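Now for the letters of each chain:
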Amino acid sequence: MGKSAVVGVGLSKFGKREDASLRELAAEAVYESFQDARDIEPGDVEAVIVASSQPERLVVQSHVAPLICEYLGVKPSKGAFRVESACSSGGVALRMADIMIRSGEASKVLVVGVEKMTEAPRSEVMTTLSIVGDKDWESIHGITAPAGFALAAQRHMLEYGTKEEHLGLVAVKNHANAELNPKAMFRRRITLNEYKDSPPIAKPLKLLDCSPICDGASCVILTDAEDARKYNDTPVVVKSITQTTIGNSSTTVDDLTTWKPLVEAASRAYSLAGISPKQVDVAEVHDCFTIAEIIEYEDLGFCGKGYGGRFVEEGQSAIGGEVAVNTSGGLKAKGHPIGATGIAQVVEITLQLRGEAGKRQVSGADIGLTHNLGGFAVNHVVGIYGRMT
Amino acid sequence: MNLPHIMLITPNRKSPLMARFYENLSKNQLTTTRCKKCGSLLWPPRDFCPKCMSREVEVTRLSGIGEIVSFTEIIDGAPAGMESEQPYLLAIIMLEEGMKLLARVVGAKYDELSIGMKVELTIRKLHDGGIVMAFKPLGR
């Protein structure tokens with residue numbers, strides 16, 4: 001079977017976007033991706049896949065894939081559909097597009113991620129995020145997204161001696177990267193003291209451990225790798241995308257500090273791509289909360305189990321370190337518009353592999369990795385990307 | 001802001017399976033189902049066995065005692081209808097029978113909780129007036 005390749009990428013400005021509706025946000029990212037590619041227009045696209053987690057509750061709109069097609073003036077001959085997989089919706093949408101291309105069903109697929117989270121009242125948004133968990137058995141007790149990851153942080157601190165400072169250093173690093181990203185929500189550095197002084201949300205996690213409620217959209221044009229050079233001088237090849245799912249509730253992961261479904265997804269992705277974790281130069285990982293990034297360093301094989309805190313402390317995940325992680329600013333500081341996140345990660349990796357990431361460019365970046373997580377670490381998508389040779 | 005159109009989070013208590021769970025809970029009993037064919041203990045309650053696909057299950061009572069695997073205190077960001085209950089404690093609890101569940105811990109402060117601490121079943125009122133399970137330090 002062939003491969004798919006990224007020939008165009010686009011990203012809206014992330015943040016509180018009162019100036020754009022859901023469809024306008026999506027179009028902003030789509031427009032940029034067609035500027036980025038060459039000799040391809042929206043009308044050439046055979047299928048459109050939209051990743052959006054909960055537009056019904058957040059903007060009171062369902063059936064958003066056909067809606068966005070209509071706004072773009074696209075009538076895809078192989079259809080349009082939406083993918084919902086909570087925070088991993090974007091990663092799953094890309095995986096579906098890759099499968100459509102590799103199977104021969106379509107040769108040009110538009111993958112769009114969008115979420116508008118700042119229109120609804122705050123308590124509505126909090127309910128919306130809580131019910132990603134199991135409503136009948138967990139949301140009724142008031143679980144929140146930060147609470148789910150606080151439970152993991154508590155154990156990681158006990159088992160491996162991970163400290164508050166380690167969590168803080170993830171936030172400090174990602175904010176420093178976001179300062180260099182014009183599309184990021186928070187283009188400002190923070191200090192470790194600011195982090196320590198930020199208010200508690202779900203103990204031990206504080207406000208500056210958390211990714212923000214945010215509006216944004218992302219877009220990737222994926223084509224058959226054989227034709228990719230027609231549309232871009234430096235196509236980026238999808239070497240592998242894998243996904244694992246184990247259930248839904250916060251008690252499904254046997255071990256709160258080793259996410260086995262992530263270890264499995266990563267090991268399969270490495271093996272399909274024929275690489276080892278040490279070969280990854282740049283990675284966008286799912287830092288919805290700082291503790292997640294620390295566990296992901298370990299489960300993706302960037303460092304040994306329990307060493308995630310030290311890995312960030314030693315600067316190994318900074319630009320210029322062993323593997324540059326979340327050069328975009330990550331979910332923490334670029335922003336986390338749910339459905340847009342998994343696709344935004346691929347936008348950043350594509351820019352890095354092409355050498356177009358500006359001030360945040362990782363020198364000599366050949367291999368990039370994305371990790372997109374859904375729910376309470378129950379759903380994982382890992383992608384590996386490389387420049388076309 | 002708590003607008004009237006916001007639907008509050010409430011559990012299903014009407015299906016026969018859920019109705020039985022809540023009826024037993026009202027008597028301070030934590031119950032689930034067990035497969036009559038292969039003996040598997042199921043949690044949460046199911047009307048079939050995922051291990052052997054049998055539909056012959058029976059209701060069985062659990063001790064309601066377990067220990068804390070991890071815990072947190074929610075200070076901010078609670079779902080609609082629960083904001084006024086903040087701060088509240090949530091824990092993953094490993095029951096004596098070997099299953100894990102998530103619930104509130106009541107009758108204790110954050111600083112009094114620890115991983116490995118023993119807790120037992122209690123009941124608390126949900127915002128809709130119905131009951132839900134909760135846990136409290138054992139013997140308190």
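Residues numbered from 1 in each chain as written. Chains lettered and ligands numbered in written order. Predicted model: local features only at pLDDT ≥ 70, side-chain atom pairs only at ≥ 80, totals over all residues. Heavy atoms only, no water.

It is worth spelling out the overall build of chain A at this point. When you go through chain A residue by residue, the secondary structure sums to 14 helices and 12 strands. Its C-alpha radius of gyration of 19 Å places chain A within 12% of the 21 Å reference for a compact globule of 389 residues. If you line up chain A on its principal axes, its C-alpha atoms span 55 × 45 × 35 Å. Put simply, chain A has 389 residues, and 65% of those count as buried. Relative to all contacts within chain A whose residues are 6 or more apart in sequence, the contacts with residues 24 or more apart total 78%. Charged side chains in chain A number 40 positive and 49 negative. The centres of these two groups are separated by 2 Å. (Helix = DSSP H or I, 4+ residues; strand = E, 2+ residues; numbered from the N terminus. Rg over C-alpha atoms; globule rule 2.2 N^0.38 Å. Buried < 20%, exposed > 50% of the residue type's maximum accessible area, 1.4 Å probe, protein only. Contact = heavy atoms within 4.5 Å. Lys, Arg positive; Asp, Glu negative; His and termini not counted. Charge placed at Lys NZ, Arg CZ, Asp CG, Glu CD.)

Bringing the domain arrangement of chain B into the picture now. All names here are of chain B. Assigned domains of chain B: these are domain 1 (13-62) and domain 2 (63-140). Computed from C-alpha atoms alone, the centre-to-centre distance between domain 1 and domain 2 is 21 Å. Taken together, both faces of the contact between domain 1 and domain 2 bury some 1200 Å²; the carbon and sulfur share is 72%. Considering only the surface of domain 1 that becomes buried against domain 2, R13, W43 and L62 emerge as the three largest contributors, covering 46% of it. At the junction of domain 1 and domain 2, the tally comes to one salt bridge. (Domains from an automatic or database assignment. Buried area = accessible area lost by both parts, 1.4 Å probe. Salt bridge = Lys/Arg side-chain N within 4 Å of Asp/Glu carboxyl O.)

Moving on, we get to the environment of V60(A). By the element assignment, V60(A) lies in the loop between α2 (55-58) and α3 (64-72). Between the alpha carbons of V60(A) and A120(A) there is a distance of 9.0 Å; along the sequence they are 60 residues apart.

According to UniProt, the "domain: ChsH2 C-terminal OB-fold" (unreviewed entry) feature falls on residues 61-123 of chain B. Along residues 61-123 of chain B one finds 0% helix and 51% strand; the C-alpha atoms at either end are 16 Å apart. (UniProt positions renumbered as here; feature names shortened; annotations may be inferred.)

Attention shifts here to helix α14 (residues 338-354) of chain A. At 3.6 residues per turn, the α-helix brings residues three or four places apart onto the same side. Residues and elements named next belong to chain A. Compared with the 24 Å implied by 1.5 Å per residue over 17 residues, the 26 Å span of α14 between its first and last C-alpha is a close match. The sharpest bend along α14 measures roughly 25° and falls at A344. In terms of residue burial, α14 counts as a mostly covered element, since 17 of its 17 residues are buried. Where α14 ends, the next residue or the one after it, G355, has phi of about 80°, a positive value. (Expected span 1.5 Å × (residues − 1). Bend = angle between axes of the 7 residues up to and from the residue.)

What follows concerns the pattern of salt bridges. All names here are of chain A. One pass over the full model with this rule turns up 33 salt bridges over all chains. Between D98 and R102 there is a salt bridge; the shortest N-O distance is 2.9 Å. Pair noted here: D98 and R102 are both in helix α4 (residues 89-102), with a separation of four residues, about one helical turn. Across the pair E165 and K196 runs a salt bridge, and its minimum N-O distance is 3.2 Å. On the criterion of sequence distance, the pair formed by E165 in helix α7 (residues 164-179) and K196 in helix α8 (residues 192-197) is long-range, its members being 31 residues apart.

This part covers unusual backbone geometry. A cis geometry characterises the amide bond from K203(A) onward to P204(A), with omega recorded as 10°. Tracing the chain through its elements places P204(A) in the loop between β5 (200-202) and β6 (205-206). Look at the link from Q86(B) to P87(B): it is a cis peptide, with omega at -5°. Position of P87(B) among the secondary structure elements: in the loop between β4 (65-74) and β5 (88-95).

Turning to the sheet that holds strand β9 (residues 282-284) of chain A, a few remarks are in order. Residues and elements named next belong to chain A. Read across the open sheet, the 10 strands follow the order β3-β2-β4-β7-β1-β8-β12-β11-β9-β10; overall the sheet is mixed. The strands lining the two open edges of the sheet, one partner per strand, are β3 (80-83) and β10 (324-325). As paired elements, strand β2 (residues 47-51) and strand β4 (residues 108-116) share five bridges and run parallel to each other. Of the residues in β4, the one forming a bridge with V48 is L110. (Pairing = 2+ DSSP bridges.)

Right, let's talk about the state of the cysteines for a bit. Residues and elements named next belong to chain A. Counted by the stated rule, this structure contains zero disulfides over all chains. As a non-bridged cysteine, C87 has C288 as the owner of its nearest cysteine sulfur, 6.6 Å distant. For C87, a relative accessible area of 17% gives the class buried. (Disulfide = S-S within 2.5 Å.)

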